[in-house]
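# Fold and geometry: a report
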Amino acid sequence: MSFVLALDQGTTSSRAILFDHAGLIHAVAQREFAQLFPQPGWVEHDPMEIWASQSGVMAEVLARGAIAPTDVAAIGITNQRETTVLWERATGRPVANAIVWQDRRTAPLCDALRASGHQATFARKTGLVLDAYFSGTKLKWLLDNVPDARSRAQRGELAFGTVDSWLIWNLSGGTHVTDPSNASRTLLFDIHRGEWDDELLALLDVPREVLPDVVASSGVCAQAALAGATVPIAGIAGDQQAALFGQACLEPGLAKNTYGTGCFLLLNTGRQAVASKNNLLATVAWRRGATTDYALEGSVFIAGAVVQWLRDGLKIIRSAAEVEALAASVPDNGGVYLVPAFAGLGAPHWDAYARGAIFGLTRGATGGHLARAALEAIAFQSAEVLHAMETDAGLTLSELRVDGGATMNNLLMQFQADLLGVPVVRPRVAETTALGAAYLAGLAVGYWRDDRDVTANWQVGRRFEPAMAPDHAAQLKANWDKAVARAKGWD
């Protein structure tokens, strides 16, 4: 029996998962790696540690699954998207730490570009807003601040990539590619023409020589050396687009929300890139053959990361799994609201200068109230994005498909359904990000025949029906809006 291997390189951990033909997990391996915070608002990763952790779990999952490398039909890669890596072509060594998508150091550069009147150009061509979130300004920062980086890049000595490109380079021994779902997150890629854009490159002073080739999201793009065997790398997608595919949201009008380090709500808009009027993003969902599908996206920067903060920063829980019991120890939030704007606010606010804040504290407030406020903040932020998305798309969703580690928190999922007033549906296989990468790879090599196989594999795990009175939900949202307004523009 053969399997498809998905490499899921996330913000805080690297995972490898083997999927069978039914889309079920055969084996999984995971390793966390270090988060580096050299200055306030800066977030970095060591690219070599990313590669070491990913290659390590790749070997480990084969052992856990008790399979040979020759039993792997294809490899699919999904990744934290906007994190930026710059390395030497000759040696494969990074010239600096990777700048993580959460990093805010380029916010002043984005301010200057907006002040110069370039926002409309970027929005028209890329579907994005000018924000430090995206990798183009991170790349410019590296070229400007790493000694000799710009001149070396111009001579073709350096390679830029998001994490998918970095992994493929190392897996294949030097293939330098990305796919449109990742390229569309760089501020350098025209999503309508499907190629790197000279005007955008000039605005950010990025030499074309540093860029990867753009290949299809589903298709053999390189060969990986896997424990002595050669296995095709046949699927690439940014983590959120991969989750959309893994949730079988293959038709326009279907949406999913991924609850990971951040929260990412995507709506399939088909062959049309919808221009948002509510500060959402138009992005490439995937390219298959000559056909490109698009999505409307709302990004919440801090979701599951707020639970990590309760664990690592405040130390009021010992493990992330304990947060649900602590939150359930109180009947409600006790009037406490936590705005987790640790890295600014994403959609629909896009305030790089917002900062985290807690409101409504009294002497009666406990760790339980704070835990509940943290979980509710994840749901409040997602509800804001969904409302903006419905307005942009001119539709009302009948249900929300959800995935990611935090969806195993039943209290959070129920509160999300209560806030939205529509069912929240958790699939049987919650690892839909990795599954989407596996599907893209498997479809390319004939492991799965067509989209009908993907749709047939999707199964409901649990359905959460809204149970809160609408007027009570509206009051909670009004209090949340008041808290967010007070957290904005702090820095």
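Okay, the side chain of Arg185 next. The residue Arg185 is located in the loop between helix 7 (180–183) and strand 10 (189–190) in this model. Aside from chain neighbours lying at most four places away, what touches Arg185 is Arg81, Glu82, Leu128, Tyr133, Phe134, Ser135, Gln241, Leu281, Thr283, Glu297 and Ser299.

Here we come to the environment of Gly404. Topologically, Gly404 is positioned in the loop between strand 21 (400–403) and helix 13 (410–420). The class of Gly404 is buried, set by a relative accessible area of 15%. For the pair Gly404 and Ala248, spaced 156 residues apart in sequence, the C-alpha to C-alpha distance is 15 Å. Each residue touching Gly404, except ones within four places of it in the same chain, is listed here: Thr258, Tyr259 and Ala430.

Glancing now at empty space enclosed by the protein. Going through the model one piece at a time under the given rule, you end up with 3 cavities of 30 Å³ or more. Considering only enclosed or pocket space, the largest cavity measures out at about 80 Å³ in volume. Along its surface, the largest cavity is lined by Ala22, Gly23, Gly246, Pro427, Arg428, Val429, Thr432, Leu435, Tyr439, Asn457, Trp458 and Gln459. In this structure, the second largest cavity encloses a volume near 60 Å³. Together, Val300, Phe301, Ile302, Pro340, Gly344, Leu345, Gly346, Ala347, His349, Gln381 and Glu384 line the second largest cavity. Among the residues making up the lining of the second largest cavity, the classes are represented as 6 nonpolar, 4 polar and 1 charged.

Owing to its 3.6 residues per turn, the α-helix brings residues three or four apart onto one side. Along helix 2 (residues 107–115), the residues that are buried comprise Ala107, Cys110 and Leu113. Around the axis of helix 2, the buried residues are gathered within 120° of arc, so they sit on the same side. The outward face of helix 2, more than 90 degrees from its buried face, is lined by the exposed residues Pro108 and Ala115. Where helix 2 is buried, its residues contact helix 3 (119–126), helix 4 (135–145) and helix 8 (198–203).

All told, the structure shown has 19 aromatic pairs when counted by the stated rule. On the basis of an interplanar angle of 40° and a centroid distance of 6.0 Å, the ring pair of Tyr337 and Phe380 is categorised as tilted. One end of the pair, Tyr337, is in strand 19 (residues 337–339); the other, Phe380, is in helix 12 (residues 367–393), with 43 residues separating them in the sequence. As far as the burial class goes, Tyr337 and Phe380 line up, both buried. Grouping aromatic residues by their ring pairs yields a cluster made of Trp101, Tyr133, Phe134, Phe264, Phe301 and Trp350. Here Arg105 stacks its cationic end above the ring of Trp42, 3.7 Å away from the centre of that ring.

Quick notes on the rules
- Residues numbered from 1 in each chain as written.
- Predicted model: local features only at pLDDT ≥ 70, side-chain atom pairs only at ≥ 80, totals over all residues.
- Heavy atoms only, no water.
- Helix = DSSP H or I, 4+ residues; strand = E, 2+ residues; numbered from the N terminus.
- Contact = heavy atoms within 4.5 Å.
- Buried < 20%, exposed > 50% of the residue type's maximum accessible area, 1.4 Å probe, protein only.
- 1 Å grid on protein atoms, 1.4 Å probe; cavity = no way out; pocket = protein on both sides within 12 Å on 5 of 7 lines; lining within 4 Å.
- Points joined across faces, edges and corners; volume = space filled by probe spheres on them.
- Nonpolar A, V, L, I, M, F, W, Y, C, P; charged D, E, K, R; others polar.
- Arc of directions from axis to C-beta.
- Phe/Tyr/Trp six-rings, centres within 6.5 Å; stacked < 30°, edge-to-face > 60°.
- Lys NZ or Arg CZ within 6 Å of the ring centre and 35° of its normal.

Function cannot be inferred from these measures alone, as they are strictly geometric.
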